[in-house]
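# Chains, contacts and geometry: an overview
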Amino acid sequence: AAAAAEHVLSHAGESRDRARRRAREGRSILEAWMEERGDVSWVPPDAGLIGFPRVDGLDDTGPLSLPLLEARDTALVPGRFFGDPSRFRIGFGGPPDILREALRILGEEIDRER
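Below is a summary of the structure that appears in this document. Note that the structure is a prediction, hence the values are computed from the model and not measured.

Below, the discussion takes up the pattern of salt bridges. For the structure on display, the rule yields 10 salt bridges. Among the salt bridges present, the one from Arg37 reaches Asp39, with a minimum N-O distance of 2.9 Å. Taking the relative accessible area as the measure of exposure, Arg37 reaches 22% and is therefore partly exposed. Of the residues examined, Asp39 reaches a relative accessible area of 13% and is grouped as buried. For Arg104, the salt bridge is made with Glu101, and the minimal N-O distance between the two is 2.6 Å. Of this pair, Arg104 and Glu101 both sit in helix α4 (residues 96-113), three residues apart, which is roughly one turn of that helix.

Below, the structure is given as structure tokens:
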């Protein structure tokens, strides 16, 4: 156990740097997607890996969550659980290719809801 702890501590800087790079990349991917769409916006978080974007013209993001989960295996947390149904909770710290695909799918579902 001590050897494992020593290994983790000796590589903590590398892990932190990798997590920061992934967070910056994920945030950049999410911001580019929102800019391209033009109907999704947010106040960027000061820190962390979770955002709370708003979908213009959509009063309730709840209907987006079930089709995404059932048909696309993509989870979305509707904003009603956080006091604002026009928003949704999204994490952007995972693998970039998965985030890009999730955003593509989310965009399709937003377009269907309109």
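On we go.
Taken as a whole and assessed by the stated rule, the structure comprises two aromatic pairs. With 5.7 Å between their ring centres and 75° between their planes, Trp42 and Phe92 make a pair best called edge-to-face. Here Trp42 is found in the loop between β1 (40-41) and β2 (50-51), whereas its partner Phe92 is found in the loop between β5 (88-91) and α4, with 50 residues between them in sequence. Ring centres 5.7 Å apart and planes at 80° place the aromatic pair Phe52 and Phe82 in the edge-to-face group. One end of the pair, Phe52, is in the loop between β2 and β3 (54-55); the other, Phe82, is in the loop between β4 (77-78) and β5, with 30 residues separating them in the sequence.

Conventions we followed
- Residues numbered from 1 in each chain as written.
- Predicted model: local features only at pLDDT ≥ 70, side-chain atom pairs only at ≥ 80, totals over all residues.
- Heavy atoms only, no water.
- Salt bridge = Lys/Arg side-chain N within 4 Å of Asp/Glu carboxyl O.
- Buried < 20%, exposed > 50% of the residue type's maximum accessible area, 1.4 Å probe, protein only.
- Helix = DSSP H or I, 4+ residues; strand = E, 2+ residues; numbered from the N terminus.
- Phe/Tyr/Trp six-rings, centres within 6.5 Å; stacked < 30°, edge-to-face > 60°.

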